[in-house]
Amino acid sequence: MEKKQTAVEFFWNEISNVLPFSVDSITAIKIYEIIQQAKEMEKEQIIKARQDIYTTGNLSAEQYYNKTYKSK
């Protein structure tokens, strides 16, 4: 199976191409920690979505997303 890039990984890899400035090392460490936290959250969401397939029955993937994550 081919390893795929998550949305958070994509963001982390691309953000340096967009930011017009550099940051000090303390800020860089904080940003890195936030990205790592986001990656862990994303991992938990992917795992939960996979587990929820069995409990949501006939919801489509988009319906599941809208019900679980979309703001009203």
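Structure first, text after, so check above.
Quick word on the layout of surface pockets
Here the largest pocket is characterised by a volume of approximately 220 Å³. Taken together, Phe-11, Trp-12, Ile-15, Ser-16, Leu-19, Phe-21, Ser-22, Val-23, Ala-28, Ile-31 and Ile-35 make up the lining of the largest pocket. Residue assignment for the lining of the largest pocket shows that the elements contributing at least two residues are α1 (7-18) and α2 (25-56). At four residues, the largest contribution of residues to the lining of the largest pocket is made by α1. By residue class, the composition of the lining of the largest pocket is nine nonpolar, two polar and no charged.

Some points on the packing of aromatic side chains
Counted according to the given criterion, the structure contains two aromatic pairs. The interplanar angle of 40° and the centroid separation of 5.9 Å between the aromatic rings of Tyr-65 and Tyr-69 together place this pair among those described as tilted. Overall, Tyr-65 belongs to the partly exposed group, its relative accessible area being 45%. The exposure class assigned to Tyr-69 is partly exposed, which follows from its relative accessible area of 34%.

Remarks on α2
An ideal rise of 1.5 Å per residue puts 46 Å on 32 residues; α2 measures up with 45 Å between its terminal C-alpha atoms. A bend of about 30° at Arg-50 is the largest found in α2. Considered for burial, the residues of α2 that qualify are Ile-35, Glu-42 and Asp-52. Against the buried residues of α2 lie α1 and α3 (61-68). For α2, the side-chain oxygen to backbone nitrogen distance between the N-cap and Ile-26 is 3.1 Å, and the N-cap itself is Asp-24. Immediately beyond the C-terminal end of α2, within one or two residues, lies Gly-57, with a positive phi of roughly 65°.

Cut-offs applied
- Residues numbered from 1 in each chain as written.
- Predicted model: local features only at pLDDT ≥ 70, side-chain atom pairs only at ≥ 80, totals over all residues.
- Heavy atoms only, no water.
- 1 Å grid on protein atoms, 1.4 Å probe; cavity = no way out; pocket = protein on both sides within 12 Å on 5 of 7 lines; lining within 4 Å.
- Points joined across faces, edges and corners; volume = space filled by probe spheres on them.
- Helix = DSSP H or I, 4+ residues; strand = E, 2+ residues; numbered from the N terminus.
- Nonpolar A, V, L, I, M, F, W, Y, C, P; charged D, E, K, R; others polar.
- Phe/Tyr/Trp six-rings, centres within 6.5 Å; stacked < 30°, edge-to-face > 60°.
- Buried < 20%, exposed > 50% of the residue type's maximum accessible area, 1.4 Å probe, protein only.
- Expected span 1.5 Å × (residues − 1).
- Bend = angle between axes of the 7 residues up to and from the residue.
- Contact = heavy atoms within 4.5 Å.
- Polar contact = N/O pair within 3.5 Å; in protein donor to acceptor, adjacent residues only side chain to side chain.

Read these as geometric descriptors, not functional statements.
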